[in-house]
Amino acid sequence: MILVTKNNNIAQKIAEKLDTKDPIKPVFVHDNRVALAGVKSLPEQILKELSQDIVEIITNHHSAIVSSRAFHPEDTIIKTKHTIIGGDHFVFMAGPDSIESPEHVLKMGQKVKSAGATILRGGAFKPRTSPYSFQGNGEVGLKAHRAAADTLGMDMVTEILDTRDVELVDFYTDIFQVGTRNMQNFALLKSLGQKRKPVILKRGMSATIDDLLNAAEYIAAGGNHQIMLMERGIRTYDNKYTRNTLDVSAIPVLQSMTHYPVIADASHAAGVAKFVSPLALAATAAGSQGLMTEIHDDPEHALVDGAQALTPAEFFQLAEKVRQIHQIVQ
Ligand code: PEP
């Protein structure tokens, strides 16, 4: 529930008037708007008493408050050592699906950097459908990834799967990635809310837009406002020819609802290398503020997800086209 008010002290008044047997719900004030987080309605009596101060009552606002544009109309801009993310800036984050070896991640990093990427992606902890599939190289992978990013002057992003690994991953990475399977791992989101480092939050494969915003709110409510939302494809009724359905419409919709940057991952949406570029171009045209792309120099022998990996040359060509489209739509 959002009250538009003429009186900024109204938040205090409401907090005092709310039933104290119920834990007092946080009240957020911005720009003469007061949001009662977790309160669907106010008792008639309280509304009557405050009627002089209230201009408008908005009851159909989604429950994410800190993430909402209503309370933060300007875009959030995230600055890392080598990258500016958000607003009109366009970010390329690319690299192998998993960190295979120090030499390989360095080589892939060189390739993606030459195409314009400033963030080197790669997984050391891999969330695999089967427990018998390669699970990632763990800390050895993190070390190799960090070394490659430092050598190349790039930022590092890697996936965190487990609250028990937060400190370990934090030690190496510049940006945390929460994958589709963990989008509603609330313990993990809460611990990342305590960090002051950017987090990429990927949309759950069956998550609605409200689910995604509420997941972001878990991080934001902890005080970490460096959040990027990532559309990476959702399960629909026909995922026979692609791995997922890239929900292009989610990009402008999210941007209208939240001030956090919205970025697309066409690789996991397509699941098939030849469809990655068309989807990435579509996402850019829809206003995506960046792209995450998987590449591999020998996709057939990639340890994870070779079928969706672009070759370095394909990525180079894609990045050129993306820059042109971004110029037109920004
Ligand atoms: C990944 O980016 O490595 C990954 C596993 O992505 P997703 O969580 O979108 O499947």
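Everything here concerns the structure above.
All values reported here derive from a predicted model rather than from experimental measurement. (Residues numbered from 1 in each chain as written. Predicted model: local features only at pLDDT ≥ 70, side-chain atom pairs only at ≥ 80, totals over all residues. Heavy atoms only, no water.)

K.L.:
I'd love a proper account of helix α1 (residues 10–17), names of residues and values included.
P.N.:
Each turn of an α-helix holds 3.6 residues, which means side chains three or four residues apart point in the same direction. Among the residues making up α1, those that are buried are I10, A11, I14 and A15. Projected down its long axis, α1 carries its buried residues within an arc of 135°, all on one side. In α1, the exposed positions angled more than 90 degrees off the buried face are occupied by Q12 and E16. If you follow the buried residues of α1, they end up packed against β1 (2–5), β2 (27–30), β3 (33–36), α2 (44–50) and β4 (54–58). (Buried < 20%, exposed > 50% of the residue type's maximum accessible area, 1.4 Å probe, protein only. Helix = DSSP H or I, 4+ residues; strand = E, 2+ residues; numbered from the N terminus. Arc of directions from axis to C-beta. Contact = heavy atoms within 4.5 Å.)

K.L.:
A description of the nonpolar core should follow, citing residues and the corresponding values.
P.N.:
L201 and F315 are the most contacted members of the largest nonpolar core, which totals 65 residues. Top contributing element to this core by residue count: helix α7 (residues 209–221), with seven residues. Excluding residues within four positions of it along the chain, F315 makes contact with F92, A94, V112, A115, T293, I295 and L310. Residues M1, L3, A11 and L18 belong to the second largest nonpolar core, which totals 14 residues. (Core = buried A, V, L, I, M, F, W, Y, C linked by side-chain atoms within 4.5 Å.)

K.L.:
I'd like to hear about the sheet that holds β2, residue by residue, with values.
P.N.:
The strand order across the open sheet formed by four strands is β2-β3-β1-β4, and the pairing between neighbours is antiparallel. The strands lining the two open edges of the sheet, one partner per strand, are β2 and β4. Pairs of neighbouring strands in the sheet enclose a mean axial angle of 20°, with direction left out of account. Examined bridge by bridge, β1 and β4 share four bridges and lie antiparallel to one another. Opposite V4, over in β4, you have E56 as the bridge partner. Those strands touched by α1 are β1, β2, β3 and β4, and its axis lies near 25° from that of β3. (Pairing = 2+ DSSP bridges. Axes fitted to C-alpha atoms, helices over the stretch in contact; angles between N-to-C directions.)

K.L.:
Talk me through the layout of surface pockets; I want residue IDs and the actual numbers.
P.N.:
Volume-wise, the second largest pocket comes out at about 210 Å³. As for the second largest pocket, its lining consists of 17 residues, and the residues nearest its centre are P127, R181, R243, H268 and D305. Across the lining of the second largest pocket, the residue classes tally to two nonpolar, five polar and ten charged. (1 Å grid on protein atoms, 1.4 Å probe; cavity = no way out; pocket = protein on both sides within 12 Å on 5 of 7 lines; lining within 4 Å. Points joined across faces, edges and corners; volume = space filled by probe spheres on them. Nonpolar A, V, L, I, M, F, W, Y, C, P; charged D, E, K, R; others polar.)

K.L.:
Report on the packing of helix α10 (residues 273–285) against helix α11 (residues 312–329), specifying residues and quantitative values.
P.N.:
In contact at an axis separation of 9 Å, α10 and α11 are set at 20° when each is read in the N-to-C sense. Classified by the angle their axes make, α10 and α11 are roughly parallel. Judged by the sense of rotation from one axis to the other, the crossing of α10 with α11 is right-handed. Residues S277, A280, L281, T284 and A285 of α10 lie in contact with α11, whose contacting residues are L318, K321, V322, I325, H326 and V329. A class-by-class count of the residues in the contact of α10 with α11 yields seven nonpolar, three polar and one charged. (Parallel < 35°, antiparallel > 145°, perpendicular 65-115°, else oblique. Left-handed = near helix turned anticlockwise from the far one by under 90°.)

K.L.:
How would you explain the site of the ligand if you had to name every residue and give the values?
P.N.:
Residues in close proximity to the ligand include R121, K126, P127, E159, Q177, G179, T180, R181, K202, R232, H268 and E294, which together make up its full environment. Between an oxygen atom of the ligand and a side-chain N or O atom of K202, the distance comes to 2.8 Å. A distance of 3.4 Å is found between an oxygen atom of the ligand and a side-chain nitrogen or oxygen belonging to H268. Protein burial of the ligand: of its 290 Å² of free accessible surface, 97% is covered by the chains. The cavity that encloses the ligand is the second largest pocket. Across the shell around the ligand, the residue classes tally to one nonpolar, four polar and seven charged. (Near = heavy atom within 4 Å. Polar contact = N/O pair within 3.5 Å; in protein donor to acceptor, adjacent residues only side chain to side chain. Areas by Shrake-Rupley, 256 points an atom, 1.4 Å probe, with all protein chains shown as cover. Sits in = over half its atoms within 2 Å of the grid points.)

K.L.:
Describe in detail helix α3 (residues 102–114), supporting the description with residues and values.
P.N.:
Relative to the 18 Å expected for 13 residues at 1.5 Å per residue, α3 spans 18 Å between its end C-alpha atoms, a close match to the ideal helical length. Taken together, the buried positions of α3 are occupied by H104, V105, M108, G109 and V112. Take α3 and look down its axis: the buried residues cluster within an arc of 130°, on one side only. In the stretch just after α3, G116 is the one whose phi turns positive, near 115°. (Expected span 1.5 Å × (residues − 1).)

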